[in-house]
Amino acid sequence: MREASCPQCRSAARLVANPYYGAGLAVHRDLLVCQDCGYSGYAENDRDAGPDSGSVAALDETPLHRLLRRLRRGGTG
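First, a word on what this report is: a plain description of the structure on this page. Here the residue numbers are simple positions, counted from 1 along each chain's written sequence. Under the rules for a predicted model, residues below a pLDDT of 70 receive no local features and side-chain atom pairs below 80 are neither given nor counted, while totals for whole chains, interfaces and linings still include all residues. Water and hydrogen atoms play no part in the side-chain values, which are based on all heavy atoms of the structure.

Observations concerning a nonpolar patch on the surface
Patches here: salt-bridge-free residues with over 30% relative accessible area, like charges joined within 9 Å, nonpolar side chains (Val, Leu, Ile, Met, Phe, Trp, Tyr) joined within 5 Å. Per-residue and other accessible areas were derived by the Shrake-Rupley procedure at a 1.4 Å probe size, with only the shown protein chains allowed to occlude residues. Take a side-chain nitrogen of Lys or Arg and a carboxyl oxygen of Asp or Glu: if they are within 4 Å of each other, that pair is a salt bridge. Together, Leu64, Leu67, Leu68 and Leu71 give the surface a local cluster of nonpolar side chains, amounting to about 400 Å² of exposed area. Here Leu64 shows up in helix 1 (residues 63–72). Among the residues examined, Leu64 registers a relative accessible area of 53% and is labelled exposed. Only DSSP runs of H or I with at least four residues qualify as helices, and only runs of E with at least two residues qualify as strands; both kinds are numbered from the N terminus onward. Whether a residue is buried, partly exposed or exposed follows from its accessible area with a 1.4 Å probe, protein chains only, as a fraction of its type maximum: under 20%, in between, or over 50%, in that order.

Points about the nonpolar core
Within the largest apolar cluster, six residues are counted, these being Cys6, Ala13, Leu15, Leu32, Cys34 and Ala43. Residue assignment for this core shows that the elements contributing at least two residues are strand 2 (12–17) and strand 3 (30–34). Ignoring anything within four residues of it in the chain, the contact list for Cys6 reads Ser11, Ala13, Cys34, Cys37 and Tyr39. Among buried residues, those of type Ala, Val, Leu, Ile, Met, Phe, Trp, Tyr and Cys that are joined through side-chain atoms within 4.5 Å constitute a nonpolar core. Throughout, a residue-residue contact means that at least one pair of heavy atoms, one from each residue, lies within 4.5 Å.

A word on the side chain of Asn18
Mapping Asn18 onto the fold places it in the loop between strand 2 and strand 3. Discounting residues that sit within four places of it in the chain, Asn18 has contacts with Ala26, His28, Arg29, Asp30, Leu31 and Tyr42.

Structure (structure tokens):
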């Protein structure tokens, strides 16, 4: 478990994996939980998260995606 500092009291806080990361609109990989003041919130994602950063470009394109893109373009492409 990684350590960070609490944005409210600046004491030690735990970074806990967000169980909803990657599902729906959950874009924060970790949750920040303070052991002293009880603060809990979203931790900032690493800047070099890589292909698993939740971006649309990182997702594999399925045949359905290709078909829908062609239909939007008017059948060309």
